[in-house]
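A closer look at the structure
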Amino acid sequence: MDPAGLLLTVSVAAFFVGAALGPLGRRGPYLGSLVGSAGLGIVAVLVLAGGSVTGATWAGPLGDVEGLTLDPLAAFFALAAALVWVATSVYSLTYDDRRSPLLAITYALTLGSIALLIAASDQVLFLIGWETMTLASYGMILQAKGPGERIFSAAFVFLAFGEASTLFISLAFAGLRVGTGVFAFGPHLGPGDLATLVFVAGLLGFGIKMGIAPFHLSEWLPIAHSSAPSNASAVLSSTLTLAGAYGLFRLVSLLSSPPLWWGAVVLAIGAISALLGALFAAVSEHSKGLPAYSTIENNGLILVALGVALLAQSDGVHELYVFALFAAFYQALAHAIAKTGLFLSAGYIEHTAHTFDLNSVEGQAKSGSRGEFGGTIIATLSLAAGPPLAGFVSEWMVLEALFQSYRFGQSWVEFVGLLAGAAVALAAGLIVVAMVKFVGFSMLWRPRPSGAGPPESRLGGVVGAVGAMVLAIGVLAPWILRFIAPAVSGFAGSSVAAPVGQLLAVPDGWSILSGSPFGILSPPMIPFIVVAGAAVAAGYYALGRPRPRRRVPIWMAGSPPGQPGETYTSFGYGTGIRIMMRSVLSTREVRAETGESSGAGVDPVAAYNVDLEVFDAFKLFYEALVRLGQGTSAVLKAAVMPGRLGRYLAYILIVVLLVVMYVAAFY
Amino acid sequence: MSAVRPSETEPFDPYGPERALAYSPEDATFALFNDYATGRPVLRHGIRIPVPTEVRATWQRSRTPELTRSAGPMETIEGYGIFTFPYGPVSMGVPESGKFEVRTYGERILSLEPVTGFKSRRILTSIAGQPISDGALRIERLAGNFSAAHAAAYLAAAESAAGIEVPEGELWVRALAQELQRIYNHVHVLARLAEAASQNVGAAQTHALAEEMLRIQGSIFGHRWLFGALLPGGPRRHLDAADRRDLGRRLNLHSEQFERLWELFLGSRTFIDRIQATCPVRREEALRWGAVGPTLRACGVAWDDRLRVPVTPYNDLFLELSQESAGDALARMLVRAREVQSSYLLLEQMLDRWPRDPGRLLSPAPPVAPGRGLARVESPSGDLVYDVTASDGRVTRIGMRAASQANIPLFARGLRNGVFTDFHFAWESFGLVFAEIDA
Amino acid sequence: MPTWIGQAARNGIVTSRYPAEPATDAEVPETARPPIPLRGDAALHDGVARCPVGAISEEELDRGKCIRCARCRPAGFEFRGPVEASTGRRAELRVGSAAPAGPGLVEALPPLVGFPRSLHVFLVDAGSCNACNLEVLALANPLYDSQRLGIFFTSSPRHADVLLVVGIPTPEMAPAVLRAYEALPAPKAVIAAGVCPISGGAFAGTPGLLAGLEELVPVDVFVPGCPPAPVEILDAILRVHGRARTAGGD
Ligand code: SF4
Ligand code: SF4
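Bear in mind the structure is a predicted one, so any value in this text is a computation, not a measurement.

1. Considering the overall build of chain A
- Secondary structure summary: chain A contains 22 helices and seven strands in total.
- With 667 residues in all, chain A has 60% of them scored as buried.
- For chain A, the proportion of contacts with a sequence separation of at least 24, taken over those separated by at least 6, is 78%.
- Of the roughly 24100 Å² of accessible surface on chain A, 67% is carried by carbon and sulfur atoms.

Here it is, written out as structure tokens:
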């Protein structure tokens, strides 16, 4: 084992060692995770710069050689995850000062199992990592505060979707095993019915984890309904979905020559998810539900880019294929980092304002932490695709890829592209509303409450650092794209170059080109232009006639401002969308008479409770699940406590074996 | 359009049997008028009409900084994300001072509660002890754009209370002034509605037409707002034949111009569509809450004080009742427009049959109780009631119920479930004036 | 077929020429202008008892109190004073028996500093009868068209230069008036339009009401009248700008 391999092995092990130290105190798991993620990040950089690294290997239970290895494709996801985890682990050291050590232990286990599945060289190890991840994060959700029933039902939904996803993935892997003859990732599977089975099962399995439509419930519900701890939500939303994306990318990369309809399906599902996610984010009032919905939107965008890539691949439009792949990768990276910032910010808000309800959050802007303020603004701006931030670059790339769907030969594909383009554009608009609402109602528009606690500068510092990352990923995009080119090459199976180049007076390599060229964007130039513009304005201001600054108090039509109950609520901010999109949201007003209070007038005064409800049809499904869950809750509670993981690992192996045998017999 | 002329023999009761309780003067207590609690005074000709109740404007008259709003909201609305949107007291949308507290979850108005009393000038209490003629100066200035109606009702009640005989010519001047001012106010409402609907040319033209009416009033009575035009005992100015000719000529031009503008408005789909179905008032609601004037007539109730309780000269003139049934802002505007037309007609009849000046002396209406007179006139926005007690030529007590007080609850109710952008159309369509609500 | 354009064209230009030319009789009835004691001291002497608001004393006539009820006309008062009666000093509203009949009664104010270009005006109703409000709003109609003179009405005091107050301040409205004044960015000017905010007008002396706007905020221009006609208000706004028709001007 070379030093890099050793570092990989040690890093993955560090998470589990940290978890094992859990009973001694909360710091152990978090420090272990910090060390592990830092190490993983270093290895990932080495891989992207130099090539695959192999760590410990051993003989698996079925005789195959399995072990830890990081190829460029895996390294990209490892790097994104590591960046997130370093931030969340540092954050957790301050944030988690009140909860049971179980949170820390399950946290480290979740991270470790994701690291394991990314570094897994074969399907079995991947599945072990996958299932451990599901169970460990289930344990993490159970650590939420609040009414027990609600938490349990949220956790149950999570587990139910998680197991469904495991089953589909097992099926997909079994097909892969049958087609290629080995468990190891490597050999490609040619076109055919088996490939279709693998693709569909994989899309379902990983799609569930990514929270794409119609499984978006699996994404938002556990987070919003359990009010899971914020470090946990950041990991759940940013990196669990990253793991799903990794799995999907890995699987698809192993299927050669996809038929045209695969791409169309992925594109359609992605577009619908993006739209639904953005729509529900815009009408969500939960400081963590809103980011969770936005995750659905982002994962939808990843699928859109992947769909365009697949279409381009089967249609032989190589240039677009490569560009769309870069877009998909960049979208995954940008989202993971920015979303982490948002969840950590939600945790900070919870820490100071003691609520997850955006309607009752009092403004944090003046509460002292510049890092928190700046970091949150940057993260939300990025998720709302504000230039020159990471989200802006990635969304630009996704849209650029989508706009080139006219290059496809068949008109129905162009039509799908057109519809997807419309949905994505609408989603892009709606998500701006959601993000403005988040940052506005949590940071900007309300005065600081008088009884607010002291600012937690360390928490704020982490959010600020994440914000800096988001900015860097945006501005330095051309260089990062070049840096991750090996990962894209790993996916494509052949060496590809990053879509950067030169146009006009911008130095060579400073611009991202789509097509040849279709569109052009130079993120590094944006700060220059902004600074130059600011300089001109400042110069004009300095040289011109001095204008007195006229500063006056707020005017509220003659009424005293700032009366309690008289400020616009975040709910009110989203009502326009609730009413406008009522056909999709099934908006309805529910009015219930709550009694009569006799006023001084002649007639008694009726009292009403009025709620404007939006309705997600898939909630019916959830409710059925919960009913099921309540029936089996006692059994489940006893069975799935983290202490009995061993039994579950055995169960996975059995499932995998059964499915492999079944598929083998079938073909 | 329906033209209803109530017959004198058949008692007409628009309010249903449960509302037609027997009248006794004791019901109409001073507190009733001043505080607007329930009460059902009766009028001449045996027709009973309740003083519309529910105007819950029991503001404080002492110098307390605290405003009393209407006695609590009509409904209390709670719910997730619902907040109170305060509008006023100083907003350009409503050029007068008054406040509205809107309960909303954004966009939609769930309930709206007017808060009145900001402009309370304590006029009614301050008149007590003053000579009747000095009181008239304040009454005219109670609501400047309804000055003729207020002055006429106040004077009629005071003359009845004090037993002052009135020359017939004075009554004709009062009616003339009221009709001129009715035209001004209805045209002004049309201009404001057009403004709210961004009908800029129409709004400008209509505002010019309203201004022309102010100029007509100024040249006839020497005051653009008719202040000082009506006095107990005799008008500030008698109209001679030349004056009447001049007035008739100007009114002709005015009415021609109005007809042209109104035809254009009726042809403007954007304008009609915007006010149609805005802030609807149902008939039952209007009766229950005591709506008056164009608001009442727009939802199918045939009531106009000029027809129901006609005083000289209205009992000699032909007047067509304008009535609509939809109850929305459009219906109110249609009623107003036809009233403008009928007012031109009334003015034409008056100028034709102008009595010899100053005319015979008429005795005032009999007092409802010794020293106490009651009068009601149809102000531009509806039924206006004055209750004046006087002794030795001085006012001792005065009560008043203005049209805006009666109609404001309907405005508030009609806007429920509307959206914010309905607000201005709704407000203008009722012709509400805070000055007469706050007095 | 009639159209709005045709309608507008038919009426032609109806806009007032004030202040380039003096106010016409149509704009302000010649019998409804500021009063002048035509018979001098005798008029003042006879008028004292007639005036319902105490605007007349043996020495002078206080236009800041006069509600133009014309009851003093038999005593020898005429209502043909100059339309340009607004003034920056309350004392200048008090005129003696020698008040001239023609225009140019009141000295032009030096322009208030800080308003080099257009003027933005915010209207506050402190407790009016609505007539003053409507006269102010009339300035925006095509007959007066204040925009031709660079005068605009704003919907927030924060965007305004001038606070135009009408009505007698009630205790309920006083806080709102103060808030509006504070929300007005400096440099700012306050116009008290109508006798209500100057002296209480017809309601002077009512217990519970403020005696005048000056109890609340400093007043820069006083406009007598009840209500002042649109051109009289226009004159006051122009006075803030130093553009009012001046003493003895045509
Ligand atoms: S017109 Fe003026 S001065 Fe003459 S009596 Fe009336 S208020 Fe007094
Ligand atoms: S000054 Fe006269 S017109 Fe103006 S608000 Fe006062 S009473 Fe009304």
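2. What to know about the overall build of chain B
- When helices and strands are tallied, chain B shows 15 helices and nine strands.
- Expressed as a percentage of its 439 residues, the buried residues of chain B come to 67%.
- By sequence separation, contacts in chain B at least 24 residues apart represent 71% of the contacts at least 6 residues apart.
- Summed over its atoms, the accessible surface of chain B is roughly 14000 Å², and 52% of this surface lies on carbon and sulfur atoms.

3. A short note on the side chain of Gln 7 of chain C
- Relative to the assigned elements, Gln 7 of chain C resides in helix H1 (residues 4-11).
- For Gln 7 of chain C, a relative accessible area of 4% gives the class buried.
- In terms of polar contacts, Gln 7 of chain C uses its side chain to reach the side chain of Gln 257 of chain B, at 3.1 Å.

4. Quick notes on the sheet that holds strand E2 (residues 83-87) of chain B
Residues and elements named next belong to chain B.
- Spatially, the three strands line up as an open sheet ordered E2-E3-E4, and their pairing is antiparallel. Of all the strands in the sheet, just E2 and strand E4 (111-115) have a single pairing partner and so form its edges. The average angle at which neighbouring strand axes cross in this sheet is 20°, direction not considered.
- Here strand E3 (residues 99-104) pairs with E4 via five bridges, running antiparallel. Following the sheet pairing, Lys 99 is matched in E4 by Val 115.

5. What to know about the interface of chain B and chain C
- Taken together, the contact pairs 55 residues of chain B with 56 residues of chain C.
- Roughly 4600 Å² is buried in total at the junction of chain B and chain C, and carbon and sulfur atoms are behind 61% of that figure.
- Among the residues of chain B in contact with chain C, Met 92, Arg 141 and Leu 264 of chain B are the three that bury the most area, contributing 15% of the side total.
- In this structure, the connection of chain B to chain C is made through four salt bridges.
- Of the charged contacts in the structure, one is a salt bridge between Glu 172 of chain C and Arg 122 of chain B, with a shortest N-O distance of 3.1 Å.

6. Topic: the pattern of salt bridges
Residue and element names in this part refer to chain B.
- One pass over the structure, following the stated rule, counts 48 salt bridges over all chains.
- Note that Glu 140 and Arg 141 form a salt bridge whose closest N and O atoms lie 3.0 Å from each other. With respect to burial, Glu 140 and Arg 141 carry one shared label: buried.
- Across the salt bridge formed by Arg 416 and Glu 285, the nearest N and O atoms sit 3.5 Å from each other. One end of the pair, Arg 416, is in the loop between helix H13 (403-414) and helix H14 (423-430); the other, Glu 285, is in helix H9 (residues 283-289), and 131 residues separate them in sequence.
- What makes Arg 416 partly exposed here is its relative accessible area of 22%.
- Exposure remark for Glu 285: the relative accessible area of 10% places this residue in the buried category.
- Because the salt bridges share partners, they merge into one network encompassing Glu 179, Arg 182, Arg 297, Asp 304, Arg 306, Glu 339 and Glu 378.

7. Digging into the site of ligand 2
- Around ligand 2, the surrounding shell consists of Arg 141 and Phe 227 of chain B together with Ser 128, Cys 129, Ala 131, Cys 132, Gly 194, Val 195, Cys 196, Gly 225, Cys 226 and Pro 227 of chain C.
- More than one chain lines the surroundings of ligand 2; the residues nearby belong to chains B and C.
- Listed by contribution, the elements that provide at least two residues to the shell around ligand 2 are helix H3 (131-138) and helix H5 (195-199) of chain C.
- Here the residues of the shell around ligand 2 are counted per class, giving eight nonpolar, three polar and one charged.

8. Remarks on the site of ligand 1
- Ligand 1 sits among Cys 51, Pro 52, Val 53, Ile 56, Leu 61, Cys 66, Ile 67, Arg 68, Cys 69, Ala 70, Cys 72 and Phe 79 of chain C.
- When grouped by side-chain class, the residues that make up the shell around ligand 1 number 11 nonpolar, no polar and one charged.

9. Side note on the pairing of strand E5 (residues 119-127) of chain C
Residue and element names in this part refer to chain C.
- Burial analysis of E5 places eight of its nine residues in the buried class, the great majority of the element.
- Where E5 and strand E6 (residues 151-153) come together, three bridges link them in parallel fashion. Within the sheet, the bridge partner assigned to Val 121 lies in E6 and is Phe 153.
- Note that the unit made of E5, H3 and E6 has a crossover that is right-handed.
- By the bridge criterion, six bridges tie E5 to strand E7 (residues 162-167) in an arrangement that is parallel. Across the sheet, residue Leu 123 finds its bridge partner in E7, namely Leu 164.

10. Looking at unusual backbone geometry
- Cis geometry marks the peptide bond from Tyr 18 of chain C to Pro 19 of chain C, where omega comes out at 5°.
- Its place among the elements puts Pro 19 of chain C in the loop between H1 and strand E1 (36-37).
- Its identity is not glycine, yet Leu 226 of chain B carries a phi of approximately 65°, on the positive side.
- Mapped onto the secondary structure, Leu 226 of chain B falls in the loop between helix H6 (200-221) and helix H7 (241-266).
- Phi at Asp 145 of chain C takes a positive value of approximately 45°, unusual for a residue other than glycine.
- Within the fold, Asp 145 of chain C resides in the loop between H3 and E6.
- Looking at Asp 145 of chain C, the relative accessible area reads 26%, which means it is partly exposed.

11. What about the packing of helix H2 (residues 27-50) of chain A against helix H17 (residues 477-492) of chain A?
Residue and element names in this part refer to chain A.
- Here H2 crosses H17 at 80°, and the two axes come no closer than 8 Å. As the angle between them shows, H2 and H17 are arranged roughly perpendicular. Each of Val 45, Leu 48 and Ala 49 in H2 lies in contact with H17, whose residues at this interface are Phe 483, Ile 484, Pro 486 and Ala 487.
- Residues that form the contact of H2 with H17 fall into these classes: seven nonpolar, no polar and no charged.

12. Description of the nonpolar core
All names here are of chain A.
- Judged by nonpolar contacts, the single largest core of 192 residues is most densely connected at Leu 70, Phe 77, Phe 326, Phe 329, Tyr 330 and Met 397.
- With 23 residues, the single largest contributor to this core is helix H12 (residues 318-353).
- Both domains that meet at this core, namely domain 1 (259-493) and domain 2 (503-541), each give it at least three residues.
- Residues in contact with Phe 326, not counting those within four places in the same chain, are Met 397, Leu 481, Ile 484, Ala 485, Val 488, Val 496, Ala 497, Ala 498 and Pro 499.

13. So, the side chain of Ser 489 of chain A
- Along the polypeptide, Ser 489 of chain A turns up in helix H17.
- Look past the residues within four positions of Ser 489 of chain A in its chain and what remains in contact with it is Ser 494, Ser 495 and Val 496 of chain A.

14. Some details on a nonpolar patch on the surface
- On the surface, a cluster of nonpolar side chains totalling about 320 Å² of accessible area is made up of Val 17, Leu 21 and Leu 24 of chain A.
- Looking at where Val 17 of chain A falls in the secondary structure, it is placed in helix H1 (residues 3-20).

15. Notes on the sheet that holds strand E9 (residues 394-401) of chain B
Residues and elements named next belong to chain B.
- A sheet is described by the order of its strands in space; here three strands give the open sequence E7-E8-E9, paired in antiparallel fashion. Whereas interior strands pair on both sides, the edge strands pair on one side only; in this sheet they are strand E7 (372-379) and E9. Pairwise comparison of adjacent strand axes, ignoring direction, gives a mean angle of 20° for this sheet.
- Pairing between E7 and strand E8 (residues 382-391): eight bridges, direction antiparallel.

16. With respect to the confidence of the model for chain B
Residue and element names in this part refer to chain B.
- Taken residue by residue, chain B gives an average pLDDT of 79. The fraction at 70 or more is 81%.
- Here residues 1-73 is a poorly scored stretch, pLDDT under 50, and it has 173 contacts once near neighbours within four places are set aside; other chains count.
- Scored by ipTM, the complex comes to 0.93, with pTM at 0.84.

17. Comments concerning helix H5 (residues 168-196) of chain B
- Its 29 residues place the ends of H5 of chain B 42 Å apart at the C-alpha level, agreeing with the 42 Å of an ideal helix rising 1.5 Å per residue.
- With respect to burial, H5 of chain B is a largely interior element, 27 of its 29 residues being buried.

Thresholds applied
Residues numbered from 1 in each chain as written. Chains lettered and ligands numbered in written order. Predicted model: local features only at pLDDT ≥ 70, side-chain atom pairs only at ≥ 80, totals over all residues. Heavy atoms only, no water. Helix = DSSP H or I, 4+ residues; strand = E, 2+ residues; numbered from the N terminus. Buried < 20%, exposed > 50% of the residue type's maximum accessible area, 1.4 Å probe, protein only. Contact = heavy atoms within 4.5 Å. Areas by Shrake-Rupley, 256 points an atom, 1.4 Å probe, with all protein chains shown as cover. Polar contact = N/O pair within 3.5 Å; in protein donor to acceptor, adjacent residues only side chain to side chain. Pairing = 2+ DSSP bridges. Axes fitted to C-alpha atoms, helices over the stretch in contact; angles between N-to-C directions. Buried area = accessible area lost by both parts, 1.4 Å probe. Salt bridge = Lys/Arg side-chain N within 4 Å of Asp/Glu carboxyl O. Near = heavy atom within 4 Å. Nonpolar A, V, L, I, M, F, W, Y, C, P; charged D, E, K, R; others polar. Right-handed = clockwise from strand over helix to strand, strands pointing away. Parallel < 35°, antiparallel > 145°, perpendicular 65-115°, else oblique. Core = buried A, V, L, I, M, F, W, Y, C linked by side-chain atoms within 4.5 Å. Domains from an automatic or database assignment. Patch = residues over 30% accessible without salt bridge, like charges linked within 9 Å, V, L, I, M, F, W, Y side chains within 5 Å. pLDDT = per-residue confidence, 0-100. Expected span 1.5 Å × (residues − 1).

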